[in-house]
Amino acid sequence: MIVILKPGVSEDKRGQLMSWLEGQGLAVHVSEGQFQTVLGLVGDTTQVDMDLIASLGIVDSVKRVSDPFKRCNRKFHPDDTVVKVGDLEIGAGHFVMIAGPCSVESEEQIVGIARDVKAAGAHILRGGAFKPRTSPYDFQGLKATGLELLRIARQETGMPIVTEVMGTRDLPLFEDVDILQVGARNMQNFDLLKELGTWHKPILLKRGLANTLKELLMSAEYIMAGGNDQVILCERGIRTFDDYTRNTLDLAAIPMLRELTHLPIIVDPSHATGISRLVPPMALAGAAAGADGLMIEVHNDPMHALSDGAQSLKPEEYAVLAEKVRAVRKVVSA
Ligand code: PEP
Ligand code: MN
């Protein structure tokens, strides 16, 4: 249930109403917009007398929200959330370019790619240190060493870093990572999501291979319910019956999520297609569909990459694409 207050209600009056609602066993989530304050009631609202609340002088209207996700729901929070990473802003018209290799492989590799993608206009460096691989015999990532190499690349370029955390056990190693990524396979690792809810860092939450948008939002809700509202959603393709591409990029997810939630939404066209030549058209499509950013895999030597070489762009290809993305963004934001 949401309670929309009239403009100009005093803190005192609002506090009284909130205490009364909390006294009925409800958690009250306050969202202050530019013109209106919205109270989101979380908990069992079946016994709440809607008409009584609506009759109060300070209340504009009361609505029942049947969606099970509350904190990430746009109905509770009409304004777009802006996720901040240092000076960088993501969401509400602030578009972010994230680029880097699938896996961190060596200092030379990650620092070189970081310099190249930065020169092409990327804002954030990606790179996996802990890799979720389908086969246990495939490269599993450099782990703590990989994180150290990402720190070096950050120091060399000034770019913030985003990297995947696969389990709660590894979390202490991620203290100074700028954005923690929850990968597709872990979208419903509820213990991990709950733990990340207690962190004060942005979380990049990728949609699971076979998960609905509602399930994605419920996973974001897990993180937010713990108190961390810095969540970025990522559409990275879902599994369908088509077998020419690695996954099927669900482009409609972007405008749909935009309606449902205030959280920033980015697109990963690399995992969505699995084929490097398909990455540029799908990246442009993502930008055209209104995404708040793109995460793209870039490798200096894709033929010898330790993971996902087939879908990785070379730095020069990324630079050409980045230019086109900027052109599409101009049209979309005009
Ligand atoms: C990745 O970003 O490297 C990755 C493994 O992605 P996903 O979880 O979407 O497969
Ligand atoms: Mn990858």
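Just so it is clear, the structure is predicted and the values come from calculations on it, not from any experiment. (Residues numbered from 1 in each chain as written. Chains lettered and ligands numbered in written order. Predicted model: local features only at pLDDT ≥ 70, side-chain atom pairs only at ≥ 80, totals over all residues. Heavy atoms only, no water.)

S.K.: How should the pattern of salt bridges be read in this particular structure?
M.R.: Two side chains of opposite charge can pair, provided their charged atoms sit close to one another. Tallying each qualifying case throughout the model produces 17 salt bridges. Of the charged contacts in the structure, one is a salt bridge between Arg246 and Asp308, with a shortest N-O distance of 3.1 Å. Placement of the pair is Arg246 in the loop between β12 (231-235) and α7 (253-260) and Asp308 in the loop between β14 (293-297) and α10 (315-333), with a sequence separation of 62 residues. What makes Arg246 partly exposed here is its relative accessible area of 35%. Its salt-bridge partner being Arg258, residue Asp292 comes within 3.0 Å of it at the nearest N-O pair. Taken together, the residues Asp292 in the loop between α9 (279-288) and β14 and Arg258 in helix α7 connect sequence positions 34 residues apart. On the accessibility criterion, Arg258 (22% relative accessible area) is partly exposed. (Salt bridge = Lys/Arg side-chain N within 4 Å of Asp/Glu carboxyl O. Helix = DSSP H or I, 4+ residues; strand = E, 2+ residues; numbered from the N terminus. Buried < 20%, exposed > 50% of the residue type's maximum accessible area, 1.4 Å probe, protein only.)

S.K.: Explain the sheet that holds strand β10 (residues 179-182) here, please?
M.R.: Each strand in a sheet pairs with another by means of backbone hydrogen bonds, the pair being arranged parallel or else antiparallel. What the eight strands build is a closed barrel, ordered β7-β8-β9-β10-β11-β12-β13-β14; its pairing is parallel. Averaged over all neighbouring strand pairs, the angle between strand axes comes to 25 degrees, with direction disregarded. Where strand β13 (residues 265-267) lies against β14, two bridges are found, and the strand directions are parallel. Residue pairing across strands places Val267 opposite Leu294, the latter belonging to β14. Contacting β8 (124-126) and β9 (161-164), helix α4 (residues 144-157) crosses the sheet at an angle of about 165 degrees to β9. (Pairing = 2+ DSSP bridges. Axes fitted to C-alpha atoms, helices over the stretch in contact; angles between N-to-C directions. Contact = heavy atoms within 4.5 Å.)

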